[in-house]
Amino acid sequence: MTTQRLRVGVLGAGNWARTAHIPGWQRDPRCDVVTVCDPVRERAEETAAQFGIREPSVDWQKTVARSDLDIIDVATPSQTHQELAVAALESGKHVLCEKPVAYDFRETLRAASLAKRKGRLTKLGFTFRYSPGVQYARELIDQGFVGTPFIFNGYEQNSQWLNPQTPLRQVDPKADPAVLHTASLEGYGAPIIDISMWWVGAGYTRVTGTMRNFIPERMVRATGKIMRMNIDDGDIYLAEYSNGAIGSVQTSFVTIGNYPGIEARIYGERGRDHLPPGGGVWGRRDDQDRDARRGRVQGAGDPETLLSHRRPRPGVLALAVLRQPHQGLRRRDHQRHRPQPGELRRRRPGAGSDQRRGTVVPRAALGRPPAAAIA
Ligand SMILES: NC(=O)c1ccc[n+]([C@@H]2O[C@H](COP(=O)([O-])OP(=O)(O)OC[C@H]3O[C@@H](n4cnc5c(N)ncnc54)[C@H](O)[C@@H]3O)[C@@H](O)[C@H]2O)c1
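Remember, predicted model here, so these are calculated numbers, not experimental data.

Student: Break down the overall build of the chain for me, citing the residues and quoting the values.
Tutor: Looking only at helices and strands, the chain has 9 helices and 19 strands in total. Expressed as a percentage of its 375 residues, the buried residues of the chain come to 39%. Expressed as a percentage of contacts within the chain between residues at least 6 apart in sequence, the contacts between residues at least 24 apart total 69%.

Printed below as a string of structure tokens:
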């Protein structure tokens, strides 16, 4: 057995590389982050200094072509993923790529078959899969808790971009505004789609749904201007899985709710697993249902029972709740605000995250941005 550590090159020294990818690699003693590459030299150098990475770089092509790297980690803006990931595979590297791999699923399939041909391993940045709630629910499913899956319901929704002044990232400012471009579906849908297929144990065969652009003009980080952005702020669809299960998914980043907003349920012949956005792992046993119906057990009619880390018994119904470890909810996210007549609740101007508390503002204050600010 070799004791050599896997040598990693990280592409992108932005927010997500610094807060998630590089710290993640460095927590694993089997890995050595050898280089971090970003075309913005100061960012590459500062990040290298911050994490003790020996070789900052500004040239992704040279980085990808290095023969002394085992893994390339693509943590760059979404529209660059496909080119970088394919180049890394071509040069024989294993690849961890942020989602989405590409904007056309056929390109993603091509990248997957290239990896197969090259005998390389690939992985996507599906962080929610590693949340304790999701893992525990999957453990229950593996134990036969749910049995044959029937129905999956999923949400990923929050109000991160409800305020049009919050600078929009990971969009192409040159995109044709006459065509609706996916944003919520790929950025927010991806993790819930992953959980859905992982729990149900099958991929989709048929999907039908709809997408909407609710907020037409937004501040775009790349241009610093308010612009027409024809992106899906929200979407809903129904799906059929190859194993006979069916499901529904809703994603949005303009829906007031709990951040990060993941909610997932699976129902099967024996029970259900469920992830509402609150924290903890919850469940309900079928015998409680029976006893409640017969009026025998006090409290058995309560909607859910906290399972916590108790081992479930076979044949029971389960309910699990997700909290992403690094993005815990704050108590105030759950506080209810009661707008007065004639008022609407709105996030504080400039607030970019559900983690900030909403405020009550007069309806008249909810105007569109001034025309002069529109590009
Ligand atoms: N999985 C998740 O939960 C999750 C969470 C946040 C972000 N993301 C994804 O991670 C990716 C990065 O997000 P971010 O917020 O860090 O973006 P960011 O814009 O803050 O950082 C991206 C960095 O990549 C650099 N870059 C651009 N082109 C490059 C190239 N060819 N080679 C090397 N570096 C290049 C940019 O200069 C920038 O510093 C996005 O695709 C985003 O959707 C995923």
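Student: Please give an account of the sheet that holds strand S1 (residues 6-11) that cites residues and values.
Tutor: Where strands meet in a sheet, backbone hydrogen bonds hold them as pairs that are either parallel or antiparallel. An order of S3-S2-S1-S4-S5-S6 is seen for the 6 strands of this open sheet, with the pairing classed as parallel. Across the chains shown, the open sheet's two edge strands, defined by having one partner strand only, are strand S3 (55-57) and strand S6 (122-124). The average undirected angle you get between the axes of adjacent strands in this sheet is 20 degrees. The pairing of strand S5 (residues 94-97) with S6 spans 3 bridges and is parallel. Counted as the bridge partner of Cys 97 is Leu 124 from S6. Along the sheet, helix H4 (residues 81-90) makes contact with S1, strand S4 (71-74) and S5, crossing S5 at roughly 165 degrees.

Student: Talk me through the site of the ligand; I want residue IDs and the actual numbers.
Tutor: Near the ligand lie 26 residues; those nearest to it are Gly 12, Gly 14, Trp 16, Trp 60 and Gly 125. Per-element tally for the shell around the ligand: the top contributor is helix H1 (residues 15-27), with 3 residues. By residue class, the composition of the shell around the ligand is 11 nonpolar, 10 polar and 5 charged.

Student: I'd like a description of the nonpolar core, backed by residues and values.
Tutor: Residues Val 10, Val 36 and Ala 85 are the most contacted members of the largest nonpolar core, which totals 33 residues. Mapped onto this core, the elements with two or more residues apiece are S1, H1, strand S2 (31-37), helix H2 (41-51), helix H3 (60-65), S4, H4 and S5. Looking at this core, the element that brings in the most residues is H4, giving 5 residues. Excluding residues within four positions of it along the chain, Val 36 makes contact with Val 10, Ala 13, Ile 22, Ala 44, Thr 47, Ala 48, Ile 53 and Pro 56. Among the nonpolar cores identified, the runner-up in size contains 23 residues, and Val 134, Ala 190, Ile 193 and Ala 264 belong to it.

Student: Could you give an account of helix H5 (residues 105-118), naming the residues involved and the relevant values?
Tutor: In a regular helix each residue adds 1.5 Å, so 14 residues correspond to 20 Å; H5 covers 20 Å between its end C-alpha atoms and thus fits that length. Residue Gly 119 follows H5 closely and has a positive phi angle near 70 degrees.

Student: Got a sec to walk through the environment of Gly 189? Specific residues and values, please.
Tutor: By secondary structure assignment, the location of Gly 189 is in helix H8 (residues 189-200). Discounting chain neighbours no more than four positions away, the residues touching Gly 189 are Glu 156, Ser 184, Asp 235, Val 249 and Thr 251.

Student: For the packing of H4 against H5, give the residues involved together with the corresponding values.
Tutor: Taken N-terminus to C-terminus, the directions of H4 and H5 make an angle of 15 degrees; their axes are 10 Å apart at the nearest point. Here H4 lies roughly parallel to H5, going by the angle between them. Along this stretch, H4 crosses H5, giving a crossing that reads as left-handed. Residues Gln 82, Ala 85, Val 86 and Leu 89 of H4 pack against Glu 107, Ala 111, Leu 114, Ala 115 and Lys 118 of H5. Tallied by class, the residues present in the contact of H4 with H5 amount to 6 nonpolar, 1 polar and 2 charged.

Student: Which residues make up the confidence of the model for the chain, and what are the values?
Tutor: Residues shown with low pLDDT carry predicted positions that ought not to be read at fine detail. Mean pLDDT over the chain: 78, with 71% of residues reaching 70 or higher. Here residues 277-375 is a poorly scored stretch, pLDDT under 50, and it has 165 contacts once near neighbours within four places are set aside; other chains count.

Student: Please set out the packing of helix H6 (residues 132-142) against H8 residue by residue, giving values where relevant.
Tutor: In contact at an axis separation of 10 Å, H6 and H8 are set at 20 degrees when each is read in the N-to-C sense. Relative to H8, H6 is oriented roughly parallel. When the axes of H6 and H8 are compared, the crossing they make is right-handed. Contact with H6, carried on its side by Val 134, Ala 137, Arg 138 and Ile 141, involves Ile 195, Trp 198 and Trp 199 of H8 and no other residues of that element. When its residues are assigned to classes, the contact of H6 with H8 shows 6 nonpolar, no polar and 1 charged.

Student: Tell me what's going on with H6, and back it up with residues and numbers.
Tutor: One turn of an α-helix holds 3.6 residues; hence residues three or four places apart share an orientation. Within H6, burial applies to Gly 133, Val 134, Tyr 136, Ala 137, Leu 140 and Ile 141. Projected onto a plane normal to the axis of H6, the buried residues spread over an arc of 165 degrees and lie on a single side.

Calculation notes
- Residues numbered from 1 in each chain as written.
- Predicted model: local features only at pLDDT ≥ 70, side-chain atom pairs only at ≥ 80, totals over all residues.
- Helix = DSSP H or I, 4+ residues; strand = E, 2+ residues; numbered from the N terminus.
- Buried ≥ 20, exposed ≤ 12 C-beta atoms within 10 Å, placed from the backbone.
- Contact = placed C-beta atoms within 7 Å.
- Pairing = 2+ DSSP bridges.
- Axes fitted to C-alpha atoms, helices over the stretch in contact; angles between N-to-C directions.
- Near = placed C-beta within 6 Å.
- Nonpolar A, V, L, I, M, F, W, Y, C, P; charged D, E, K, R; others polar.
- Core = buried A, V, L, I, M, F, W, Y, C linked by C-beta atoms within 7 Å.
- Expected span 1.5 Å × (residues − 1).
- Parallel < 35°, antiparallel > 145°, perpendicular 65-115°, else oblique.
- Left-handed = near helix turned anticlockwise from the far one by under 90°.
- pLDDT = per-residue confidence, 0-100.
- Arc of directions from axis to C-beta.

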